[in-house]
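Overview (structure and organization)
Chain by chain, the residues run as shown.
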Amino acid sequence: MRLITFAGPPSSGKTSVIIQTILHLKKSGFSSGVVKFDCLTSFDRERYQQHGIPASVGYAGKICPDHFFVSNIEEAVEWGQASGFDFLFTESAGLCNRCSPYIRAVPAVCVIDSLAGIQTPKKVGPMLKSADVAVITKSDIVSQAEREVFAFNISQVNPNARVLFVNGITGQGILPLAGYIRQTAETDTVRDMKLRFTTPSSICSYCTGETRIGESHQLGTMKKMEFY
């Protein structure tokens with residue numbers, strides 16, 4: 001089975017791109033499934049099911065989505081293999097732009113919205129910097145100049161990433177992405193594999209349920225600002 005990891009900021013079009021990719025692969029006789037790692041709620045499972053795509057959704061709740069991803073990805077792969085999928089797509093929540101749900105030797109795709117602003121690529125961390133492919137969505141709404149500047153800014157952040165323009169609604173531009181995914185290597189297991197980058201970290205009193213504000217209530221790993 002081939003494992004593909006998708007990440008990107010909220011509402012960037014990750015689900016739509018995955019659906020269009022799977023529908024294209026289905027035309028060649030491949031079966032695919034999706035595991036969505038979300039935070040509080042999601043309606044993506046219904047969207048996948050409308051297209052006949054098996055999907056499993058998990059909610060991180062108060063846990064960091066990246067930590068939730070790492071602690072469940074092995075079982076997700078086992079589910080995909082037991083289901084007999086040719087491809088298993090994982091989709092992360094991608095809320096803080098510091099997310100890094102990518103595994104070494106596993107293809108990583110970052111979906112980013114061109115409507116978020118031409119400087120957005122510079123604000124995104126490992127989620128974009130360590131991706132193999134950067135998919136730009138909603139580019140049909142902006143000008144050609146904005147598209148070129150946006151793509152250039154992505155190449156400045158991640159010069160090794162392949163930059164693709166994909167319309168998640170119509171599927172235009174999906175062929176190069178699907179072709180890349182078809183050429184990826186199979187994944188037997190993710191056990192003992194490593195992440196490409198460390199997950200966001202903080203072990204403090206607020207992690208364990210503290211709600212009171214004040215230095216006397218702040219314990220563990222804390223980071224303070226300098227005001228000047």
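Here goes a summary of the coordinates provided. (Residues numbered from 1 in each chain as written. Predicted model: local features only at pLDDT ≥ 70, side-chain atom pairs only at ≥ 80, totals over all residues. Heavy atoms only, no water.)

1. Comments concerning the packing of helix 1 (residues 14–26) against helix 7 (residues 174–182)
Running from N to C, helix 1 and helix 7 point in directions that differ by 70°, and their axes come no closer than 10 Å. On the basis of their axis angle, the class for helix 1 and helix 7 is roughly perpendicular. In terms of crossing hand, the pair formed by helix 1 and helix 7 is right-handed. Of the residues in helix 7, those touching helix 1 at Val-17, Gln-20, Thr-21, His-24 and Leu-25 are Ile-174, Leu-175, Leu-177, Ala-178, Ile-181 and Arg-182. (Axes fitted to C-alpha atoms, helices over the stretch in contact; angles between N-to-C directions. Helix = DSSP H or I, 4+ residues; strand = E, 2+ residues; numbered from the N terminus. Parallel < 35°, antiparallel > 145°, perpendicular 65-115°, else oblique. Left-handed = near helix turned anticlockwise from the far one by under 90°. Contact = heavy atoms within 4.5 Å.)

2. Topic: unusual backbone geometry
Phi at Ser-11 is positive, roughly 60°, even though this residue is not glycine. As for its placement among the helices and strands, Ser-11 is situated in the loop between strand 1 (2–7) and helix 1. Here the phi dihedral of Lys-138 falls at roughly 60°; this positive angle occurs in a residue that is not glycine. You can see Lys-138 is positioned in the loop between strand 6 (133–137) and helix 6 (144–157).

3. Topic: the side chain of Asp-113
Along the chain, the position of Asp-113 falls in strand 5 (residues 108–113). The class of Asp-113 is buried, set by a relative accessible area of 12%. Looking at Asp-113, its side chain comes within polar contact range of the main-chain nitrogen of Leu-115, at 2.8 Å. Polar contacts involving the side chain of Asp-113 include one to the side chain of Lys-138, which spans 3.2 Å. Setting aside chain neighbours within four positions, we find Asp-113 in contact with Ser-11, Ser-12, Thr-137, Lys-138 and Phe-150. (Buried < 20%, exposed > 50% of the residue type's maximum accessible area, 1.4 Å probe, protein only. Polar contact = N/O pair within 3.5 Å; in protein donor to acceptor, adjacent residues only side chain to side chain.)

4. A look at the pairing of strand 4 (residues 87–91)
Across the 5 residues that make up strand 4, a large majority, 5, are buried. In strand 4, alternate side chains face the same way, and those of Phe-87, Phe-89 and Glu-91 on one face and Leu-88 and Thr-90 on the other are all buried. As paired elements, strand 1 and strand 4 share 5 bridges and run parallel to each other. Pairing of Arg-2 across the sheet is with Phe-87, part of strand 4. (Pairing = 2+ DSSP bridges.)

5. Digging into the nonpolar core
Counting residues in hydrophobic clusters, the biggest one holds 24 residues, and the most contacted among them are Phe-6, Phe-89, Leu-177 and Ile-181. Looking at this core, the elements with two or more residues in it are strand 1, helix 1, strand 4, strand 5, strand 6 and helix 7. Sequence-distant contacts of Leu-177, defined by excluding residues within four places in its chain, comprise Phe-6, Val-17, Thr-21, Val-109, Val-133, Val-135 and Leu-164. Membership of the second largest hydrophobic core comes to 16 residues, among which are Tyr-102, Cys-110, Phe-150 and Ala-151. (Core = buried A, V, L, I, M, F, W, Y, C linked by side-chain atoms within 4.5 Å.)

6. So, helix 6
Over its 14 residues, helix 6 runs 20 Å from end to end, which matches the ideal 20 Å to within 8%, given 1.5 Å per residue. Among the residues making up helix 6, those that are buried are Phe-150, Ala-151, Asn-153, Ile-154 and Val-157. Along the long axis of helix 6, the arc covered by the buried residues comes to 155°, so they all point the same way. Of the surrounding elements, those touching the buried residues of helix 6 are strand 5, helix 4 (120–123), helix 5 (126–129), strand 6 and strand 7 (162–165). (Expected span 1.5 Å × (residues − 1). Arc of directions from axis to C-beta.)

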